[in-house]
Amino acid sequence: MEAPPPLPSVRLLVDTNRNGVLESRPDFADHGAWTPAHGAVFMANVDDDDRDHAVDALDDAVNGDNDALDLARVRVEPWPEAPTGAVGRLALSEGAAATVKLYRRTDGGWARWDFAAGTLSDAELRAGVEFGIEATDFATQRWDGMAELSLTVTRGDAAADAAPLGTDRVALKVAPWVIMNPLEEAYRVFVVDAQRYRPVRLFVNDLDAATQADGMELFRIDGLNPMYRSASDRLMGPDVWAQDIMEFGWTGIPGPDGTLHAMPVVLRTPPTMRAIGRFTEQELLGPDFGYTWKHTTRTANGAGWDPSLDSFGNLEIAPPHRTPTRDYPLGRTLYGTAERRFPDRDLQGFLDAQGVQGPPVHLDTSWLHVGHIDEFLSFVPAPSPRGWRMLLASPRLARELLEGIVRENPAHANTLMFEGQSFFYLTGAMEGQPYPAQRTIASLLRDEALNAFNQRVQARIDAQREILQRELGVADDEITEVPFLWSNIERNLAGALMPGTVNLLVYNRSVVLPRPHGAFLRDTDFFEDDMIARLSPLGLTVHFAEQWDILHAAEGEVHCGTNALRRIPLQSRWWEVAP
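Residues numbered from 1 in each chain as written. Predicted model: local features only at pLDDT ≥ 70, side-chain atom pairs only at ≥ 80, totals over all residues. Heavy atoms only, no water.

A. Spotlight on the packing of helix α8 (residues 395-408) against helix α11 (residues 526-535). Remark: α8 packs on α11, axes separated minimally by 12 Å, with the N-to-C direction vectors making an angle of 120 degrees. When the axis of α8 is compared with that of α11, the two are oblique. Handedness of the crossing formed by α8 with α11: right-handed. Contacts between α8 and α11 involve Leu397, Leu401, Leu402 and Ile405 on the former and, on the latter, Phe526, Phe527, Asp530 and Arg534. Partitioning the contact of α8 with α11 into residue classes produces six nonpolar, no polar and two charged. (Axes fitted to C-alpha atoms, helices over the stretch in contact; angles between N-to-C directions. Helix = DSSP H or I, 4+ residues; strand = E, 2+ residues; numbered from the N terminus. Parallel < 35°, antiparallel > 145°, perpendicular 65-115°, else oblique. Left-handed = near helix turned anticlockwise from the far one by under 90°. Contact = heavy atoms within 4.5 Å. Nonpolar A, V, L, I, M, F, W, Y, C, P; charged D, E, K, R; others polar.)

Here it is in structure tokens:
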């Protein structure tokens with residue numbers, strides 16, 4: 001067997017084989033290039049290990065041993081024969097210089113490396129030097145996440161144009177922010193609580209009962225905390241949309257034990273006027289829990305910016321799947337888009353720059369008054385080869401069920417739907433005042449304008465179904481239709497007339513749905529029974545929560561008013577996913 005070629009004297013070492021340790025020969029191969037199969041990675045150090053209420057990467061210190069774990073290691077390999085007077089200089093590629101930091105390990109700890117003035121002496125080159133590297137941010141539309149670190153060794157007294165004694169370069173890629181998907185194990189559910197408001201109390205109490213029954217932690221965000229309330233909140237009540245203010249993801253690099261060294265990272269919704277968003281930084285940012293916020297100014301976004309599209313009910317992840325042309329082991333991003341309306345530019349650019357859950361699927365939400373894809377779409381675990389099912393709203397099926405109720409017994413035509421519930425005037429002299437929502441089944445079936453509108457809504461949903469089936473490879477028998485009717489809120493824009501039971505919270509093998517307030521037959525709600533019959537065969541425990549006044553009447557449902565934190569898949573190898 002031939003001996004391997006000798007290694008060059010001037011060498012930088014990074015973890016190119018991604019096993020969490022530095023190894024002289026294995027990690028030297030192809031270390032100047034980065035591919036899904038080979039190349040070093042490092043982290044955006046966005047947690048707060050020193051508990052100073054600021055992201056660690058924003059200061060110029062390594063804040064203890066835990067913070068040091070968030071640094072990817074770089075080593076200048078020992079060069080015992082380095083000549084007297086040799087000087088080493090490190091440099092970063094121009095695109096990475098504003099975002100990437102290097103720290104040198106010393107006997108006293110870690111010290112920020114100054115690329116402009118820092119040099120390595122001949123003695124240090126002979127002994128070797130250890131560094132740690134981090135980023136202050138993830139990849140964005142302004143930085144692709146790649147960094148090239150170079151080492152150049154010259155003679156100290158050499159002319160500026162003299163040939164160096166040796167050079168080396170390594171390529172590294174910052175770990176992306178990966179959105180958690182609904183199949184991953186949940187361990188904490190979030191809801192905004194404000195017990196002095198009866199509608200909030202009813203919803204939170206039902207959610208508490210469901211999570212307690214399942215042994216799930218429920219975290220109550222204090223919706224009455226003055227820090228989390230804007231001027232409009234004080235007039236209208238707390239901002240209860242826990243789904244819309246934050247999206248949970250994670251980031252990680254290879255650890256020496258074969259699993260990820262990782263942290264959850266919460267993404268805050270862009271609008272600065274959304275006071276409840278401060279919760280993400282004030283109470284979630286901490287040791288081993290990261291935080292990031294992407295937003296531009298209203299002026300920079302332009303006249304078409306619609307803050308509603310920045311809400312994270314409009315950002316979903318199709319769980320991991322395989323199509324005939326490609327695997328999506330981390331799932332795939334789904335966005336809602338609308339003509340002449342767009343989300344925050346920086347948010348969109350940030351999401352697209354992560355790369356490992358794309359390319360994104362764009363769904364048309366221009367027909368919706370609120371404009372969020374969770375109004376008609378969700379995913380739940382299922383005992384199938386795919387491991388999940390797609391749920392889609394179906395006004396067609398809702399009408400068929402109502403017609404079937406009447407065929408079964410014509411007297412059911414007079415059964416009330418939404419008994420005792422109210423809607424609220426959106427505009428005019430009566431703005432904010434309630435009016436009765438209850439209607440008989442017969443009145444719903446005879447309402448020609450309502451039926452025509454629901455036919456148009458069904459056509460819109462069918463068009464999105466076609467896109468989803470094509471892009472995700474989902475077959476008809478992997479879709480469960482969820483029956484409810486829609487109403488024309490204003491300007492032919494749709495919102496759920498019946499509580500939108502597709503808009504649900506899923507954690508592990510349980511789901512929490514909005515109480516539908518449907519037709520009560522034989523002392524039970526027909527639409528509750530129907531949803532239990534649809535979801536229980538999937539091995540799901542089905543709960544219902546009362547949320548009409550606090551969520552449904554404000555054009556949202558259970559998913560909009562909740563959130564879930566899930567465990568990081570520590571065996572994940574995101575770097576193998578080609579963008």
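B. The pattern of salt bridges, seen in detail. One pass over the structure, following the stated rule, counts 32 salt bridges. One salt bridge connects Glu148 with Arg169, and the closest N-O pair in it is separated by 3.7 Å. Taken as a pair, Glu148 in strand β8 (residues 146-155) and Arg169 in strand β9 (residues 166-174) lie far apart in primary sequence, 21 residues in all. What makes Glu148 partly exposed here is its relative accessible area of 35%. The residue Arg396 makes a salt bridge to Asp462 at a minimum N-O spacing of 2.8 Å. A residue pair is termed long-range when its members are at least 10 positions apart, and Arg396 in helix α8 and Asp462 in helix α10 (residues 448-472) qualify at 66 residues. Under the relative-accessibility criterion, Arg396 is labelled partly exposed at 38%. One network of salt bridges, in which partners are shared, links Arg11, Arg75 and Glu77. (Salt bridge = Lys/Arg side-chain N within 4 Å of Asp/Glu carboxyl O. Buried < 20%, exposed > 50% of the residue type's maximum accessible area, 1.4 Å probe, protein only.)

C. Inspection of the packing of aromatic side chains at higher detail. Counted under the stated rule, the structure contains 18 aromatic pairs. Aromatic pair Trp113 and Phe131: ring centres 5.3 Å apart, planes at 85 degrees, arrangement edge-to-face. Linking Trp113 in the loop between β6 (109-112) and α2 (122-127) with Phe131 in strand β7 (residues 129-135), this pair joins segments that are 18 residues apart in sequence. One residue, Arg18, lies across the ring of Trp34, its end atom 4.7 Å from the ring centre. A cation over a ring is seen here: Arg345 above Phe342, with NZ or CZ 3.6 Å from the ring centre. (Phe/Tyr/Trp six-rings, centres within 6.5 Å; stacked < 30°, edge-to-face > 60°. Lys NZ or Arg CZ within 6 Å of the ring centre and 35° of its normal.)

D. Broad picture of the sheet that holds strand β1 (residues 12-13). The five strands are arranged β1-β3-β7-β5-β6 in an open sheet whose pairing can be described as antiparallel. The open sheet has two edge strands with one neighbour each: β1 and β6. Summarising the sheet, strand β5 (residues 100-106) and β6 pair through four bridges and their orientation is antiparallel. Within the sheet, the bridge partner assigned to Arg105 lies in β6 and is Trp110. (Pairing = 2+ DSSP bridges.)

E. Representation of a nonpolar patch on the surface in the model. Residues Tyr425, Met430 and Tyr435 make up a contiguous nonpolar surface patch of roughly 270 Å² in combined accessible area. Within the element layout of this structure, Tyr425 appears in the loop between β24 (422-424) and β25 (434-436). (Patch = residues over 30% accessible without salt bridge, like charges linked within 9 Å, V, L, I, M, F, W, Y side chains within 5 Å. Areas by Shrake-Rupley, 256 points an atom, 1.4 Å probe, with all protein chains shown as cover.)

F. Structural detail: the environment of Phe42. Structurally, Phe42 is set in strand β2 (residues 40-42). Its relative accessible area of 0% is what places Phe42 among the buried residues. Distance from Phe42 to Ala135, taken between C-alpha atoms, is 7.5 Å for residues 93 residues apart in sequence.

G. Expanded view of the sheet that holds strand β12 (residues 217-222). Ordered by their spatial adjacency, three strands build an open sheet running β12-β11-β35, and the pairing between neighbours is mixed. Since the sheet does not close on itself, it has two edges, and those belong to β12 and β35 (562-566), each with one partner. Looking at each pair of strands side by side, their axes are set apart by 30 degrees on average, direction ignored. As paired elements, strand β11 (residues 186-193) and β35 share five bridges and run antiparallel to each other. Residue pairing for β35: Val191 is matched across the bridge by Thr562. Relative to the sheet, helix α3 (residues 198-213) contacts β11, β12 and β35, its axis offset from that of β11 by approximately 165 degrees.

H. Broad picture of the nonpolar core. Formed by 103 residues in total, the largest nonpolar core has its most connected members in Phe42, Phe131, Met246, Phe248, Leu351 and Trp574. In terms of nonpolar packing, the next biggest core, distinct from the first, is built from 61 residues, Leu402, Met531, Leu538 and Trp548 among them. (Core = buried A, V, L, I, M, F, W, Y, C linked by side-chain atoms within 4.5 Å.)

I. Region of interest: helix α7 (residues 345-354). In terms of residue burial, α7 counts as a mostly covered element, since seven of its 10 residues are buried. Among all positions in α7, only Asp346, Leu347, Gln348, Gly349, Phe350, Leu351 and Gln354 are buried. Structurally, α7 contributes buried residues whose contacts are with β10 (178-179), β14 (260-268), β15 (290-293), β16 (315-318) and β19 (332-337). One side-chain oxygen at the N-terminal end of α7 lies 2.9 Å from the backbone nitrogen of Asp346; it belongs to Asp344. (Polar contact = N/O pair within 3.5 Å; in protein donor to acceptor, adjacent residues only side chain to side chain.)

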